[in-house]
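# Overview (structure and organization)
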Protein chains: 2
Amino acid sequence: MADIKHFDPDATLDTVVRLFWRQGVATTGIQDIVNATGLNRSSLYATYGGKHELYRAALERYVQDRSRLGLLEEDDRGLPAITDFFTGLIETRCTGEFAGWGCMISNAHAGTENADPAVRAILDRQHQRLRTALHTALLSAQWQRQLAEDADPDSAADVLALLAHGVNLRSRAGADAQQLHRTVAAAITAVARRA
Amino acid sequence: MADIKHFDPDATLDTVVRLFWRQGVATTGIQDIVNATGLNRSSLYATYGGKHELYRAALERYVQDRSRLGLLEEDDRGLPAITDFFTGLIETRCTGEFAGWGCMISNAHAGTENADPAVRAILDRQHQRLRTALHTALLSAQWQRQLAEDADPDSAADVLALLAHGVNLRSRAGADAQQLHRTVAAAITAVARRA
DNA sequence: GGGATCTTGGAACGTTCGTTTCAAGATAGG
DNA sequence: CCTATCTTGAAACGAACGTTCCAAGATCCC
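I will try to describe carefully the structure that is included in this document. (Residues numbered from 1 in each chain as written. Chains lettered and ligands numbered in written order. Predicted model: local features only at pLDDT ≥ 70, side-chain atom pairs only at ≥ 80, totals over all residues. Heavy atoms only, no water.)

Time to look at the packing of aromatic side chains. Under the definition given, this model contains twelve aromatic pairs over all chains. Ring centres of A:Trp21 and A:Phe98 lie 4.6 Å apart, and the angle between their planes is 25°; on these two criteria the pair is classed as stacked. Separated by 77 residues along the polypeptide, A:Trp21 in helix H1 (residues 9–23) and A:Phe98 in the loop between helix H6 (79–94) and helix H7 (104–110) bring together distant segments of the chain. Their ring planes at 90° and their centres at 5.2 Å tell us that B:Trp21 and B:Trp101 sit as a pair that is edge-to-face. Within this pair, whereas B:Trp21 is found in helix H1 (residues 9–23), its partner B:Trp101 is found in the loop between helix H6 (79–94) and helix H7 (104–110), the two being separated by 80 residues in sequence. Each member of the pair, B:Trp21 as well as B:Trp101, is classed as buried. Ring pairs connect the aromatic residues A:Trp21, A:Tyr62, A:Phe98 and A:Trp101, which therefore count as one cluster. (Phe/Tyr/Trp six-rings, centres within 6.5 Å; stacked < 30°, edge-to-face > 60°. Helix = DSSP H or I, 4+ residues; strand = E, 2+ residues; numbered from the N terminus. Buried < 20%, exposed > 50% of the residue type's maximum accessible area, 1.4 Å probe, protein only.)

Here it is in structure tokens:
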């Protein structure tokens with residue numbers, strides 16, 4: 001029968017994710033991918049198709065592996081869940097290996113990538129996921145009497161979801177982490193029950 | 001003496017702004033600019049320098065011509081000024097000639113453009129301008145007793161500034177205008193004096 | 001109007017782009 | 001071990017990239 005692949009497509013895709021995440025799709029060449037993965041062009045095209053399909057696969061992979069949404073979705077503590085979500089988000093955005101990379105989803109919004117309906121579908125899906133997760137957490141907070149009487153979980157979820165995009169964007173321009181922390185804390189405090 | 005330019009560099013730069021605004025710098029070629037402006041490559045390079053300098057000039061021009069900040073800065077009505085600012089922003093982002101283009105400043109955050117210190121300086125400067133304008137408007141609102149007692153103009157300005165980035169991003173992915181309006185209204189209501 | 005000086009048109013520069021091609025190499029079933 | 005089948009390496013593809021060059025054209029001062 002046939003030969004098998006001499007590399008791990010999964011590990012390779014992870015490397016590609018980092019390239020597209022940091023540099024964007026337009027400024028990342030096939031040569032960059034070849035250099036970073038050590039793969040040959042033939043293997044790349046045989047495995048993933050073209051550059052565009054590779055980007056889509058990387059974006060899906062990013063959503064699965066790098067999204068911090070999972071933790072929020074499974075955290076029913078209410079406001080503390082939201083606070084921790086944003087705290088971890090800002091930490092990831094501003095320090096460590098991925099500092100200054102922003103969010104691959106947020107970045108995709110600003111580029112020409114989203115002209116592709118498949119890409120736009122991922123962006124919309126992910127935004128809805130974030131909105132829903134925040135909404136659920138806020139409902140949970142309301143149930144636990146953590147919210148102000150006049151707070152509306154629905155609207156607050158929308159606001160916080162857009163706020164996350166703002167955090168992602170500004171972090172890519174090197175925004176100060178503490179400043180972002182303070183801003184997010186203020187937004188959360190705004191819906192919290194007054195002391 | 002010498003010849004004069006056979007075109008209007010000002011009008012040309014406006015055309016270039018639209019190209020970079022809509023498509024981004026990486027996916028806009030010199031050929032695109034030549035086609036859109038009708039200029040020759042020689043005239044382009046003699047007038048503006050290279051592509052990168054042209055982008056910087058276009059970004060500065062965008063800030064001067066297209067930013068809606070001026071209205072906010074000169075509006076001392078308090079909360080209504082902020083409401084109108086966001087209303088106009090969303091309208092520009094979602095309908096008319098520039099619908100789906102997002103904000104050139106927000107877009108620049110997500111790309112590789114901001115590797116250039118000069119570009120990043122523009123982004124930071126503009127973010128500070130937005131933050132300051134919102135802060136001033138909120139102080140004005142506080143003075144006019146439009147704010148809730150426990151509202152903090154400083155924090156609220158930070159939140160709303162990040163929110164604007166979120167609006168810009170999501171609008172580029174075709175977000176619903178009414179949905180954005182509702183979200184922004186909720187964020188503003190959160191700091192307003194309760195009825 | 002002569003001539004110095006800048007602008008313009010258009011071709012060409014070398015490089016890099018994403019993609020394709022094909023022979024050589026590797027694998028697993030018979 | 002043979003061979004069908006897939007994978008890999010390396011070269012090459014045409015197109016597009018940003019930029020440069022230079023002759024031809026246009027302008028204002030003297």
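Now, onward.
Residue and element names in this part refer to chain B. Counted according to the given criterion, the structure contains 30 salt bridges over all chains. Between Asp75 and Arg77 there is a salt bridge; the shortest N-O distance is 2.8 Å. Residue class for Arg77 comes out partly exposed when judged on its relative accessible area of 35%. A salt bridge links Arg131 to Asp154, with the nearest nitrogen and oxygen atoms 3.5 Å apart. Highlighted residues: Arg131 in helix H8 (residues 117–143) and Asp154 in helix H9 (residues 153–172), separated in sequence by 23 residues. Using a relative accessible area of 15% as the deciding quantity, one classes Arg131 as buried. The exposure class assigned to Asp154 is partly exposed, which follows from its relative accessible area of 35%. (Salt bridge = Lys/Arg side-chain N within 4 Å of Asp/Glu carboxyl O.)

A few words on the protein's contact with DNA strand C. Taken together, 24 residues sit near DNA strand C, with A:Arg41, A:Lys51, B:Ala2, B:His6 and B:Ser42 positioned nearest. For DNA strand C, the fraction of atoms within 4 Å of the protein that belong to sugar or phosphate moieties is 54%. A:Lys51 places a side-chain nitrogen or oxygen 2.5 Å from a phosphate oxygen of DNA strand C. Here a base oxygen of DNA strand C and a side-chain polar atom of B:Ser42 are 2.6 Å apart. For the surface near DNA strand C, the elements supplying multiple residues, two or more each, are helix H2 (30–37) and helix H3 (41–48) of chain A together with helix H3 (41–48) of chain B. Looking at the surface near DNA strand C, its residues break down into eight nonpolar, ten polar and six charged. (Near = heavy atom within 4 Å. Polar contact = N/O pair within 3.5 Å; in protein donor to acceptor, adjacent residues only side chain to side chain. Nonpolar A, V, L, I, M, F, W, Y, C, P; charged D, E, K, R; others polar.)

Right, let's talk about the interface of chain A and chain B for a bit. Listed by partner, the interface residues are 36 residues for chain A and 36 residues for chain B. Summed over both sides, the interface of chain A with chain B buries roughly 3,000 Å², with 61% coming from carbon and sulfur. Of all residues in chain A, A:Leu162, A:Leu169 and A:Arg170 bury the most surface against chain B, accounting for 21% of the area lost on that side. Scanning the region where chain A abuts chain B turns up four salt bridges. Between A:Asp124 and B:Arg170 there is a salt bridge; the shortest N-O distance is 2.9 Å. Taken together, the connections running from chain A to chain B amount to 16 residue pairs in polar contact (both at pLDDT 80 or more). Sorting the residues of the side of chain A that touches chain B by element identifies H1, H7, helix H8 (117–143), helix H9 (153–172) and helix H10 (177–191) of chain A as the ones contributing at least two each. By residue number, the principal contributor to the side of chain A that touches chain B is H9(A), which donates eleven residues. (Contact = heavy atoms within 4.5 Å. Buried area = accessible area lost by both parts, 1.4 Å probe.)

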